[in-house]
Amino acid sequence: MLADRLSGVTVESEFLQTHARPTGAVIEPNTPSSGAIRRVALLGNHLPRQCGIATFTTDLASAIAREYDDLECFVLAVNDKGHRYDYPERVRFSISEGDVESYRRAADYLNVSGVDALLLQHEFGIFGGPAGAHVLALMRDVNMPVLTTLHTVLPSPDSAQRVVMDEIIQRSDRLVVMSNGAASLLHQAYGARTDHIDVIPHGTPLFPERAARSKLGLDGRDVLLTFGLLSEGKGVEYVIDALPGILERFPDVVFVIVGATHPRVKELEGERYRLMLEERAQRRGVASAVIFHDRFVSHDELVQFLSVADVFLTPYLNEAQSTSGALAYAIGAGVASVSTPFRYARELLSDGRGALVPFRDSGAICREVCALLEDSRHRAAISSNARAFAQTSSWPVVAQSYVRSAQRASTEHSRRARSNYRARTLAARPIELPAVSLGHLQSMSDGTGLLQHALFDVPRYEDGYCVDDNARGLRAMVLAEEAAVEPLALVRSLAGRYLAFLAFALDRDSGRFRNTLSFQRTWVEPVGSEDCHGRALWALGTLVARGSDHARRELGRELFRRSLPASLTFSSPRAWAYTLLGLDEFSNAFEGDSDVDAARDTLAHKLMELFARSRRPGWPWFEDSLTYCNARMPQALLVSGARMGVPAMVEPSLEALEWLINEQRSDNGDFAAIGSNGFYPRGGPKALFDQQPVEACAMISACIDARRVTNNSWWSHQARRVFRWYVGQNHLRLPLYDATTGGCRDALHESRVNENQGAESTLSFLLSLLEIKLSESATALAAIPPKEPVAEVLAGVW
């Protein structure tokens, strides 16, 4: 039985019936060593952001503040994909969803704010990183008790979701779920201890008696209602399909759909789902009986709609859904509800509190709705049962439950062993990465594409444009969107311009890219360099694999296929390398493509043969000199060998990359790129200047791929060490990155930096920053010990 399975789980809704405390009481600690709960922080989304978690966090914070006059309550809000919101005073800190460093800053803020408990609202979709892993950076750093509310408990998580959930459970002092079924699943599927789980129902407002329908223009109508942010999973189309049969028996029925399209769905798909619903209503001949209230309604408006509804519907399609604020509100309002049997609904509507219908069954919806409309006494009985059940879920009661649970978390926290506690000093903790700024890149771009050079930070029109930089720009924008660190509209706008430039640069007859375009929009040469062609292929492969826009990915795939054959005739090793990197990205989307596999095999063996011919004792390299973009060759051979399953390629590429790291290390351990004034011939002098940002970019990217292939975090530490070169860890102790513009200076000379901020240098910095951010989002560095000596690793920690 469920009760047996949940032995030890605290069910707050039952607990409160016999242990209610007076309103306004501050819960005192259970042990003398703990202080009272005087200040709590909530972490989640917050209105005016439009989503269910934002509404929940807002309502819970408001309820706690109302119930406890002398308990301070504030919020840390997560902003989605570069959006900023006009928050109320209660929100004291905002986190950028995709920027892992902002989670660490938030942890620092909490640690110095005297917070007695953190109430973390968890949903996979609101935090950045794979499966929302960024929130773990905050959880690892905070030093106060953590009470985590799990708004979703998945029965079959993917591997990334499982890893994240396991660590959240381990790092939370207590866990809150909103149903007994979710508590059972949390224990059985994830091994969470039952005595660490509290069941607290979703809060609901105190609803007034039935409102006048005339206020909403619904006088004389039988009102069917659904509300919430619209997306395909809502299943609203099945109610529309049921309407003809309902209207046949009850011609005064009107179906009111309250809510805007989910903001993220709208960004990606526009109003496709809503338009489909409207067209479906037209085809079914029920358009006059369907009302779309197309906006995110206020609390008071929602209460009004619920107070006039005869039947509430949640025809959701996700059987695993473990909570629904909309259904909870309907129960609180005492509205007879019809729902599909998703997990939360099965529990909430049991014992005569509503009706369940099969998924995607419009006939069943029709039958249940008609039965409720026909039998007012049955409807009234359901309403009475629902209202009685909701007595324990009003927001005042729920607020008291959360404070009680926070007190338990505080007690658990004080009892936990501290043997593994270690203060994080600045020497041991990486300094946070700079925020990504596209300001200078935007100023270097016009309607044609990205200009090559700048005088200081002012674009030089006379130098025109080139494929090299527009290809880099396209790669950077694809990664920027993936990292969610800039407003989506700006990222997509720049990406579109750079993609258009590459499309224009490709000669469809020869399959070759032209490179340099004058500001007067004329091509300077009929055929571009092999290197620029390879860079274009890399950018297009990245777009195909990682882009979010289907049409752009298709254009990228067409350009990639048209330009790939030419690369097989190239003689430049770096062009081979860029092409191989593009092939590796392309294969992330189209694994097993025979043309791509054949090209990879050809070019990888060319690189391998070059390495075998050129290497000498003490010189494990591909050529007789180190010149430019050196790290791209071992990087390309590494990812290709890993993709092909050929250790004979992986091992020498790692040997070459490690050798290159040592060759580009100064006496004091800083990164020092091979200078462009003479380079480094075998047996000859090593040029120390000028050091170019493109070399740091190549080295960082190669180290990140080495980290991914080997699962050895030493490579990540090397990437961080090299990155410090941009921000002043170099022989001049001067930054190349300009935080005021978002640009990067062009070179490090012997006695000064080159103050010009061209496209190549700026994109080298941006690509380095984005690749590190994405890599650190995907891996937990602290969990994987480096294989090099500790002293070496600590020297490389930024």
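This is a predicted model, so every value here is computed, not measured. (Residues numbered from 1 in each chain as written. Predicted model: local features only at pLDDT ≥ 70, side-chain atom pairs only at ≥ 80, totals over all residues. Heavy atoms only, no water.)

A. Summary view of the pairing of strand S7 (residues 174-177). Burial along S7 is two-sided: Arg 174 and Val 176 and Leu 175 and Val 177, pointing in opposite directions, are all buried. The sheet contact formed by strand S6 (residues 146-150) and S7 spans three bridges and is parallel. Note that in S7 the partner of Thr 149 across the bridge is Val 176. As paired elements, S7 and strand S8 (residues 197-199) share three bridges and run parallel to each other. Note that in S8 the partner of Leu 175 across the bridge is Ile 197. Taken together, S7, helix H7 (residues 180-190) and S8 constitute a β-α-β crossover, and its handedness is right-handed. (Buried < 20%, exposed > 50% of the residue type's maximum accessible area, 1.4 Å probe, protein only. Helix = DSSP H or I, 4+ residues; strand = E, 2+ residues; numbered from the N terminus. Pairing = 2+ DSSP bridges. Right-handed = clockwise from strand over helix to strand, strands pointing away.)

B. Representation of helix H21 (residues 550-567) within the structure. Between its first and last C-alpha, H21 extends 26 Å over 18 residues, near the 26 Å set by a 1.5 Å rise per residue. Every buried residue belonging to H21 is among Gly 556, Leu 559, Phe 560, Ser 563, Leu 564, Ala 566 and Ser 567, and all of these are buried. Looking at the buried residues of H21, the elements they touch are helix H19 (488-505), strand S18 (506-507), strand S19 (512-513), helix H20 (530-546), helix H22 (573-589) and helix H23 (594-614). Two to three positions downstream of the cap, the backbone nitrogen of Ala 551 sits 3.1 Å from a side-chain oxygen, assigning the N-cap of H21 to Asp 549. (Expected span 1.5 Å × (residues − 1). Contact = heavy atoms within 4.5 Å. Polar contact = N/O pair within 3.5 Å; in protein donor to acceptor, adjacent residues only side chain to side chain.)

C. Quick peek at the pattern of salt bridges. Within this structure, the stated rule accounts for 52 salt bridges. Measuring nitrogen to oxygen at the nearest pair gives 2.7 Å for the salt bridge that ties Glu 232 to Arg 272. Of the two residues, Glu 232 sits in the loop between strand S9 (222-227) and helix H8 (236-249) while Arg 272 sits in helix H10 (residues 272-284), which places them 40 residues apart along the sequence. Judged by its relative accessible area of 43%, Arg 272 is partly exposed. A salt bridge links Arg 557 to Glu 554; its shortest N-O distance comes to 3.2 Å. With Arg 557 and Glu 554 both in helix H21 and three residues apart, the pair spans about one turn of that helix. The network of salt bridges with common partners includes Glu 101, Arg 104, Arg 720 and Glu 776. (Salt bridge = Lys/Arg side-chain N within 4 Å of Asp/Glu carboxyl O.)

D. Spotlight on the sheet that holds strand S11 (residues 290-293). The sheet built from six strands is open, its strands ordered S11-S10-S9-S12-S13-S14 with parallel pairing. Among the strands making up the open sheet, the edge pair consists of S11 and strand S14 (355-356). As paired elements, S9 and strand S10 (residues 253-258) share six bridges and run parallel to each other. Bridge pairing in S10 places Leu 225 opposite Val 256. Running over the sheet, H8 touches S9, S10, S11 and strand S12 (311-314) and is turned about 170 degrees from S10. (Axes fitted to C-alpha atoms, helices over the stretch in contact; angles between N-to-C directions.)

E. The pairing of S6, seen in detail. Most of S6 is tucked away, with five of its five residues classed as buried. Burial along S6 is two-sided: the residues Val 146, Thr 148 and Leu 150 and Leu 147 and Thr 149 are all buried. The pairing of strand S5 (residues 117-122) with S6 spans five bridges and is parallel. Along S6, the bridge assignment pairs Leu 119 with Leu 147. This β-α-β element, S6 to helix H6 (residues 159-171) to S7, shows right-handed connectivity.

F. Focus on H7. Where burial is concerned, most of H7 is hidden: eight out of the 11 residues are buried. By the burial criterion, the buried members of H7 are Asn 180, Gly 181, Ala 182, Ala 183, Ser 184, Leu 185, Leu 186 and Tyr 190.

G. Examining the packing of aromatic side chains more closely. By the definition in use, this model includes 29 aromatic pairs. Between Trp 725 and Tyr 726, the ring centres sit 5.6 Å apart and the planes meet at 70 degrees, which makes this aromatic pair edge-to-face. Judged by its relative accessible area of 0%, Tyr 726 falls in the buried class. Of note, Arg 353 hangs over the ring of Phe 389, and the distance from its end group to the ring centre comes to 3.9 Å. Here Arg 521 stacks its cationic end above the ring of Phe 519, 4.9 Å away from the centre of that ring. (Phe/Tyr/Trp six-rings, centres within 6.5 Å; stacked < 30°, edge-to-face > 60°. Lys NZ or Arg CZ within 6 Å of the ring centre and 35° of its normal.)

H. Structural detail: the nonpolar core. Ranked by internal contacts, the top residues of the largest apolar core, which has 113 residues, are Leu 474 and Met 477. For Leu 474, the residues in contact, after removing those within four places along its chain, are Ala 495, Tyr 498, Leu 499, Leu 502, Ala 539, Leu 540 and Leu 543. Counting residues in each nonpolar core, the second largest holds 60 residues, with Leu 302, Val 308, Ala 309 and Phe 342 among its members. (Core = buried A, V, L, I, M, F, W, Y, C linked by side-chain atoms within 4.5 Å.)

I. Representation of the layout of surface pockets within the structure. Of the volumes computed, that of the second largest pocket is approximately 1,500 Å³. Taken together, 50 residues line the second largest pocket, and the ones lying closest to its centre are Cys 51, Gly 52, Ile 53, Lys 234 and His 262. Mapped by element, the contributors of at least two residues to the lining of the second largest pocket are helix H3 (52-67), helix H9 (263-269), helix H11 (299-308) and helix H12 (325-333). Per element, the largest residue contribution to the lining of the second largest pocket is six residues, and it comes from H3. (1 Å grid on protein atoms, 1.4 Å probe; cavity = no way out; pocket = protein on both sides within 12 Å on 5 of 7 lines; lining within 4 Å. Points joined across faces, edges and corners; volume = space filled by probe spheres on them.)

J. Quick peek at the state of the cysteines. Per the stated rule, a full pass over the model turns up zero disulfides. For the unlinked cysteine Cys 370, the closest cysteine sulfur is that of Cys 366, found at 4.2 Å. The class of Cys 370 is buried, set by a relative accessible area of 1%. For the unlinked cysteine Cys 629, the closest cysteine sulfur is that of Cys 697, found at 8.2 Å. (Disulfide = S-S within 2.5 Å.)

K. Quick look at unusual backbone geometry. The amide bond that connects Leu 47 to the next residue, Pro 48, takes the cis arrangement and shows omega of 20 degrees. Along the chain, Pro 48 turns up in the loop between strand S2 (39-44) and H3. Here the residue pair Phe 689 and Asp 690 is connected by a cis peptide bond, since its omega of -5 degrees sits within 30 degrees of zero. Structurally, Asp 690 is set in the loop between strand S22 (680-681) and helix H26 (693-710). One non-glycine residue with positive phi stands out, namely Arg 360, at about 55 degrees. You can see Arg 360 is positioned in the loop between S14 and helix H14 (362-374). A relative accessible area of 48% means that Arg 360 is categorised as partly exposed. Non-glycine residue Arg 521 carries a positive phi angle of around 70 degrees. Within the secondary structure, Arg 521 sits in the loop between strand S20 (516-517) and H20. Owing to a relative accessible area of 37%, Arg 521 belongs among the partly exposed residues under this scheme.

L. Structural view of the packing of helix H18 (residues 467-483) against H20. The interhelical angle for the contact between H18 and H20, taken along N-to-C directions, is 20 degrees, at an axis separation of 8 Å. Between H18 and H20, the crossing angle belongs to the class labelled roughly parallel. The element H18 and its partner H20 pack so that their crossing is left-handed. Taken together, the residues of H20 that come into contact with H18 (itself represented by Val 467, Asp 468, Ala 471, Arg 472, Leu 474, Arg 475, Val 478, Leu 479 and Glu 482) are Asp 531, Cys 532, Arg 535, Ala 536, Trp 538, Ala 539, Leu 540, Thr 542, Leu 543 and Arg 546. A per-class count over the contact of H18 with H20 returns 11 nonpolar, one polar and seven charged. (Parallel < 35°, antiparallel > 145°, perpendicular 65-115°, else oblique. Left-handed = near helix turned anticlockwise from the far one by under 90°. Nonpolar A, V, L, I, M, F, W, Y, C, P; charged D, E, K, R; others polar.)

M. Spatial organisation of empty space enclosed by the protein. Scanning the entire structure with this criterion turns up five cavities of 30 Å³ or more. Within this model, the largest cavity holds a volume of roughly 110 Å³. Surrounding the largest cavity, Ala 471, Arg 472, Arg 475, Arg 535, Trp 538, Tyr 578, Cys 629, Arg 632, Val 694, Cys 697, Ser 764 and Leu 767 form its lining. Looking at the lining of the largest cavity, the elements with two or more residues in it are H18, H20, H26 and helix H28 (759-778). By volume, the second largest cavity is sized at about 90 Å³. Residue lining of the second largest cavity: Met 477, Val 478, Glu 481, Val 491, Arg 492, Ala 495, Leu 543, Gly 547, Ser 548, Asp 549 and Arg 552, and that is the complete set. Among the secondary structure elements, those contributing two or more residues to the lining of the second largest cavity are H18 and H19. Grouping the amino acids of the lining of the second largest cavity by side-chain chemistry returns five nonpolar, two polar and four charged.

The analysis is restricted to geometry; functional conclusions fall outside its scope.
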